[in-house]
Amino acid sequence: MDLRALLGLKALDDVQSALFVQPHPDDNEVGAGGTIAKLAAKGCRVVAVTVTDGRYGAVGAVDPADLARRRQEELVAACTALGIREHIELGFEDLGSYTEADVVEKLVPVLLDIRPEVVVTVDPWTPYEAHPDHVKTGRAVAECAIRLASLIVPQTPPAYVPLMFAFYASAYPNAAVDVTDYWPTKIRAIEAHESQFATPEWPALKAYLEFQAREAAKRFLGDGGDGRLAETFKLLSPRQLHFFPDAISS
Ligand SMILES: [Zn+2]
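Residues numbered from 1 in each chain as written. Predicted model: local features only at pLDDT ≥ 70, side-chain atom pairs only at ≥ 80, totals over all residues. Heavy atoms only, no water.

In the annotation of an unreviewed UniProt entry, the entry for the protein chain reads LmbE family protein, and the organism field reads Alicyclobacillus acidocaldarius subsp. acidocaldarius.

**Student:** In this structure, what is going on with the packing of aromatic side chains? I would like to understand it.
**Tutor:** Each aromatic ring pair is characterised by the separation of its centres together with the angle its planes make. Taken as a whole and assessed by the stated rule, the structure comprises 4 aromatic pairs. Ring centres of Trp-125 and Phe-167 lie 5.8 Å apart, and the angle between their planes is 75 degrees; on these two criteria the pair is classed as edge-to-face. Highlighted residues: Trp-125 in the loop between strand E4 (118-122) and helix H5 (132-148) and Phe-167 in strand E5 (residues 164-168), separated in sequence by 42 residues. Note on Phe-167: relative accessible area 1%, which makes it buried. Taking the ring centre of Phe-92 as reference, the NZ or CZ of Lys-106 above it sits at 5.1 Å. (Phe/Tyr/Trp six-rings, centres within 6.5 Å; stacked < 30°, edge-to-face > 60°. Helix = DSSP H or I, 4+ residues; strand = E, 2+ residues; numbered from the N terminus. Buried < 20%, exposed > 50% of the residue type's maximum accessible area, 1.4 Å probe, protein only. Lys NZ or Arg CZ within 6 Å of the ring centre and 35° of its normal.)

**Student:** I keep staring at the coordination of the zinc ion and nothing clicks. Help me out?
**Tutor:** The textbook angles at a metal center are 109.5 degrees for a tetrahedron of four donors and 90 or 180 degrees for an octahedron of six. Looking at the metal site, the zinc ion is ligated by His-24 (ND1), Asp-27 (OD), Asp-27 (OD) and His-134 (NE2), spaced 2.1 to 2.4 Å from it. In this structure, the zinc ion is coordinated by 4 donor atoms arranged in irregular fashion, with angles at the metal of 55 to 142 degrees. Mapped onto the sequence, the donors of the zinc ion take the spacing H-x2-D-x106-H. Highlighted residues: Asp-27 in helix H2 (residues 27-41) and His-134 in helix H5, separated in sequence by 107 residues. A relative accessible area of 11% means that His-134 is categorised as buried. (Donors = N, O, S within 2.8 Å, 3.2 Å for Na, K, Ca; no water. Tetrahedral: all angles 85-135°; square planar, octahedral: opposite > 155°, others 65-115°.)

**Student:** Please explain the environment of His-24 as it appears in this structure.
**Tutor:** Here His-24 is to be found in the loop between strand E1 (17-22) and H2. When the C-alpha atoms of His-24 and Thr-121 are compared, they prove to be 11 Å apart, with 97 residues separating the residues in sequence. Excluding residues within four positions of it along the chain, His-24 makes contact with Thr-50, Thr-52, Gly-54, Arg-71, Asp-94, His-131, Asp-133 and His-134. A polar contact of 2.8 Å, which involves the side chain of His-24, links it to the side chain of Asp-133. (Contact = heavy atoms within 4.5 Å. Polar contact = N/O pair within 3.5 Å; in protein donor to acceptor, adjacent residues only side chain to side chain.)

**Student:** Sorry if this is basic, but what is going on with the side chain of Glu-117 here?
**Tutor:** Examined against the element boundaries, Glu-117 turns out to sit in the loop between helix H4 (100-114) and E4. Glu-117 sits in the buried class, given a relative accessible area of 18%. Not counting the four nearest positions on each side in its chain, Glu-117 is found in contact with Lys-10, Val-15, Gln-16, Ser-17, Pro-162, Leu-163 and Met-164.

**Student:** Help me understand the nonpolar core in this model?
**Tutor:** Soluble globular proteins: nonpolar side chains tend toward being buried together. Core analysis: the biggest nonpolar cluster contains 39 residues, and Phe-20, Val-118, Val-120 and Phe-233 have the highest contact counts within it. Val-21, Leu-111, Val-141 and Cys-144 belong to the second largest nonpolar core, which has 29 residues in total. (Core = buried A, V, L, I, M, F, W, Y, C linked by side-chain atoms within 4.5 Å.)

**Student:** Which parts of the structure should I look at to understand the pairing of E5?
**Tutor:** Moving residue by residue along a regular strand, the side chains alternate between the two faces of the sheet. Most of E5 sits out of view: 5 of its 5 residues are buried. Across 5 bridges, E4 lies against E5 in parallel orientation. The residue bridging Val-118 from the neighbouring strand is Met-164, located in E5. You can see the chain leave E4, run along H5 and come back into E5, and the turn it takes is right-handed. (Pairing = 2+ DSSP bridges. Right-handed = clockwise from strand over helix to strand, strands pointing away.)

The structure is reproduced here in structure tokens:
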């Protein structure tokens, strides 16, 4: 049975509007920067949401408020590099005591306003994911699917619920986007986050990201990957986000 067709899912790089929700100012670029650049270049409406200010994303003698300001500037530069023209900051404190429900409360009005076909975020169910901002953000995005389809959010029928949800950094990917032509743009956007990536480790990490992308292309794009680069996602219908154990293997 073609579950994807049954649920009306389509290719991630074939949507007209997409919302990318990231826990920290650089996660979208690392997880989906090539896909964002590709969609923006195709004329898709791409909106980015950043949940926290990233103020604790460093070690050493750094003032958290200064780091938050610096990361905001880096975020603007990265969005410009990717072609993102609309960006929303929810303003929660990095590693703060906010709850998943707090994020849901702020995200639902954003979703109702933009009404994207797909919402993309980090996979909160990736094994060993220990960062609370990633877990809370990913789960909050998924919870929006449940809330939007309930009386909690008053809507005149038919209720708006995104057609699809896509999770990057997933251990269970089931879809990929060919981002070969946009790889240099992705790298440029990542490098805009100097506070995070102007480090001795970056060349090795960059090589690893490219290795991952080549392996993903081999697995998902056919023809042995043909030297191409891909970003992978767990693509799910809202229906698969509740009472659907097969979602893990779909
Ligand atoms: Zn992060």
